[in-house]
Amino acid sequence: MKFGIVVNEGPYQHQASDSAYLFAKAAIEAGHEVWRIFFYHDGVNNASKLTEPPQDDRNIVNRWTKLAEEHKVDLVVCVAAALRRGIREENLATGFRISGLGQLVEAGTKCDRLVTFGD
Amino acid sequence: MLHIINRSPLADKALENCLNTATGGDILLIEDAVYAATTGNAFEARLRAAMGKFKINVLRPDLEARGMADRLVDGANPVDYAGFVALAVANKTCQSWL
Amino acid sequence: MSDVKKFMFVNRKAPYGTIYALESLEVVLITAAFDQDVSLMFTDDGVFQLKKGQQTKGIETKNFSPTYRALEGYDIEKLYVDRESLQERGLTEDDLLVDVTVLSRAEVGALMDEQDVILSF
C-alpha cells in the first residue's frame, strides 16, 4: 500500500515529528511504500541542516535524511511555509526538497492513505 | 474510518467531538490522548460508554512513555507502531482530529 | 491531475492565536486549483474563523477573513458548520461572514464518511 504522511509541527518542540517517523518506519518494515512525506507549518523546521541536538538526544533531521536515502522516501518541504520560517536551499538538509502545496494535493490523490501528524 | 486523536480529553475537545460526531469505527489514541484510556481520569466513563460504538485502540509506546501502562482501562486495545500501520491499512480513510 | 478525490478540510482552531487557519486556507485554494472536490468543515473553535467583523490592525496581522468570501470564485461552495459548536460559543448563522450549511453532529459524521481524504491542521 502507498502511504503519504503530513508533518505539521517542528522537531523537538512537539512529538508529531517522532510519531510520524516511527509510523513511516513501521509502514516500511511492514512492506508498504511511504511515497511522500510533506512538511507544512512549523513542520518545515524538520528540514534544517543547522539543527544540532545534544549528543545524547536523537537527531530528528538526520533520521529523515537516512529514511530518504535508504527507502527512496520523497521528503517535500512547502515553499511558502519554509520561506516564512527561514528554511531555504542554503540550509536544507540532504534528502529534502522544497516545492509547492500541489505536492500535498498530489499525495492526497496518488496515495492509498494520507496520515497527518500535528498539534 | 480511523480517527486519530493526540490531545488529552481534559485539555482539548477533540476526543469528545469525535465521539459525538463520528459514525463509528476505529479510534486510535496517540501522544497525550492516551491519558483518556487510563483508569480514574475524569473522562473514563465517557470513553467506556463509547466502547459499544467504537473500537478504542491506544498506542502502547506513548502509554509506556508517560508511566501509564499499568492503568489502561479494560476494553481498550493496546497497539504498537506496526498495529498503528495495520489500522491505517484496514480503514479507507484516516482522520487526525487536530 | 486526472484523478479527482473528495477532500474535506476540518477546521477546529480559532484564527490569529496560531497560523493554522491561515495556512489551511492556502491548502484549500491549491486543492481547488487542482480540480479536486473540496469541502470545508468548521467545528469546535474553528467556527470562530468565520466570525464577522474581524479587525486585525491592532495586532499588526493580515486579516485573512475576506478570503472565505472569495472561495466561491474558486468554485468552493461546500462550507459546513457544526451547529453544536456554534451554540456552545453563543453564535448564530447571522454572525458568520459567509453562507454556510449548518449541520447536526450526526450529519457531520455522515459527511465525513463520504470523503476520500480528510485534512486537518
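Heads up: the structure comes first, above all this text.
Residues numbered from 1 in each chain as written. Chains lettered and ligands numbered in written order. Predicted model: local features only at pLDDT ≥ 70, side-chain atom pairs only at ≥ 80, totals over all residues. Heavy atoms only, no water.

**Description of the overall build of chain C**
Then step 1. In terms of helices and strands, chain C carries 4 helices and 5 strands.
Then step 2. C-alpha atoms of chain C, sized along the principal axes, occupy 45 × 30 × 25 Å.
Then step 3. Residues counted as buried form 52% of the 121 residues belonging to chain C.
Then step 4. Across chain C, the fraction of contacts at a sequence separation of at least 24, relative to all contacts at a separation of at least 6, is 75%.
Then step 5. Accessible surface, chain C as shown: approximately 5600 Å² in total, 47% of it carbon and sulfur.
Then step 6. Across chain C, the 13 positively charged side chains and the 22 negatively charged ones have centroids separated by 5 Å. (Helix = DSSP H or I, 4+ residues; strand = E, 2+ residues; numbered from the N terminus. Buried < 20%, exposed > 50% of the residue type's maximum accessible area, 1.4 Å probe, protein only. Contact = heavy atoms within 4.5 Å. Areas by Shrake-Rupley, 256 points an atom, 1.4 Å probe, with all protein chains shown as cover. Lys, Arg positive; Asp, Glu negative; His and termini not counted. Charge placed at Lys NZ, Arg CZ, Asp CG, Glu CD.)

**As for the interface of chain A and chain B**
Then step 1. Opposite the 20 residues of chain A that make contact, chain B presents 18 residues.
Then step 2. Here chain A and chain B share an interface that buries about 1500 Å² over both sides, 60% of which is from carbon and sulfur atoms.
Then step 3. When the buried surface of chain A facing chain B is broken down by residue, Gln 15, Arg 113 and Asp 119 of chain A rank first, second and third, together holding 34% of it.
Then step 4. Summed over the shared surface of chain A and chain B, the number is 1 salt bridge.
Then step 5. Asp 119 of chain A is paired through a salt bridge with Arg 7 of chain B; the nearest N and O atoms lie 3.7 Å apart.
Then step 6. Where chain A touches chain B, the interface holds 9 residue pairs in polar contact (both at pLDDT 80 or more).
Then step 7. Elements with a minimum of two residues in the side of chain A that touches chain B: α1 (16-29) and β5 (113-117) of chain A.
Then step 8. Here the element with the most residues in the side of chain A that touches chain B is α1 of chain A; it accounts for 6 residues. (Buried area = accessible area lost by both parts, 1.4 Å probe. Salt bridge = Lys/Arg side-chain N within 4 Å of Asp/Glu carboxyl O. Polar contact = N/O pair within 3.5 Å; in protein donor to acceptor, adjacent residues only side chain to side chain.)

**Brief notes about the sheet that holds strand β3 (residues 74-78) of chain A**
All names here are of chain A.
Then step 1. Strand order in the open sheet formed by 5 strands is β4-β3-β2-β1-β5, with parallel pairing between adjacent strands. Every other strand in the sheet has two partners, leaving β4 (96-99) and β5 as the edge strands with one partner each. Strand-to-strand twist of the sheet, defined as the mean angle between neighbouring strand axes without regard to direction, takes the value 25°.
Then step 2. Where β3 and β4 come together, 4 bridges link them in parallel fashion. By the bridge assignment, Cys 78 is partnered in β4 with Ser 99. (Pairing = 2+ DSSP bridges. Axes fitted to C-alpha atoms, helices over the stretch in contact; angles between N-to-C directions.)

**Quick notes on the side chain of Gln 54 of chain C**
Residues and elements named next belong to chain C.
Then step 1. Within the secondary structure, Gln 54 sits in the loop between β2 (37-42) and α2 (66-70).
Then step 2. A polar atom in the side chain of Gln 54 sits 2.7 Å from the side chain of Tyr 16.
Then step 3. Here the side chain of Gln 54 touches Lys 51 through a polar contact of 3.0 Å, landing on its backbone oxygen.

Function cannot be inferred from these measures alone, as they are strictly geometric.
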